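Structural characterization, general
One letter stands for each residue in the lines below.
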Amino acid sequence: MPKPKMRKSTETRKKEIIATAQKFMFEKGVHAITLKNIARMNNISEAAVYRHFTSKRAILAAIIDDVEIKMMEAFDRAVSPDADPVKKLKDIMRTHLIFTEKRKGGLFVITSECIHLNDDLLRKKILKVIDNYTDRIGGLLNEARVRGLVHPEMGIKEASLMYYGLIQTAATDFALRNYDVPPISKFEHLWRFFCNGINYCRDVGK
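Quick caveat, the model's predicted, so the values are computed rather than measured.

1. Notes on the pattern of salt bridges
All chains considered together, the criterion is met by 13 salt bridges. Across the salt bridge formed by K70 and D66, the nearest N and O atoms sit 2.6 Å from each other. On the criterion of helical spacing, the pair formed by K70 and D66 is a turn pair, its members being four residues apart in helix α4 (residues 56-78). The exposure class assigned to K70 is partly exposed, which follows from its relative accessible area of 34%. On the accessibility criterion, D66 (16% relative accessible area) is buried. A salt bridge links R123 to D120, with the shortest nitrogen-to-oxygen separation between them at 2.3 Å. Pair noted here: R123 and D120 are both in helix α7 (residues 120-146), with a separation of three residues, about one helical turn. Exposure remark for R123: the relative accessible area of 42% places this residue in the partly exposed category.

Cut-offs used in this document
Residue numbers run consecutively from 1 along every chain, following the written order of its sequence. Reporting of local features is limited, given that this is a predicted model, to residues whose pLDDT is at least 70; pairs of side-chain atoms are given and counted only at 80 or more, and all residues count toward the totals for whole chains, interfaces and linings. Values reported for side chains reflect all heavy atoms of the structure, with hydrogen atoms and water molecules removed beforehand. What makes a salt bridge here is a side-chain nitrogen of Lys or Arg within 4 Å of a carboxyl oxygen of Asp or Glu, nothing more. Numbering of helices and strands runs from the N terminus, with a helix taken as a DSSP run of H or I at least four residues long and a strand as a DSSP run of E at least two residues long. Buried, partly exposed and exposed residues are distinguished by accessible area as a fraction of the type maximum, computed with a 1.4 Å probe on protein chains only: under 20%, between the cut-offs, and over 50%, respectively.

Structural data, given as structure tokens:
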């Protein structure tokens, strides 16, 4: 007599649903995220999906959280705690570009999709991710300024947004070119442009 299948935990099932939804979003767009499609891909009923996420909006919110967590974890793995702040900024930029390639546009895709949906909750969640990101970059820039590694009058907020914007531009280009030009191929040019913008032209960040 065959053994009955073990029921997966709520946490495991939610992770599977989020992973499937991300796959649909990155490959086909947000319109492909439906309870029917997710249920079919995970070999479960639509009611089972609904037990974990009450709406498509809830799934999209979970995707945003998941991307932010994984992105920040990737940064933590890439950055040496003993490195100077400019070296950390360089390592984060390189890691973010690689992360963007692996996620087929990553945060850019989610941001553009949420703008299209015009959902206030999702908009605020995206803004929170961007704020957390630029706060992290801003903290490193402030440390670099205190240590005299960058221009003393550099605007922390403006430089943080420029940093983020450069990566998002590379992600946009990546998506529009049908994912043919890896964002990491632009890394050296983007980094040098950023260094010029913060008046950092020495070799400390290599």
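Having put the structure on the table, let's press on.
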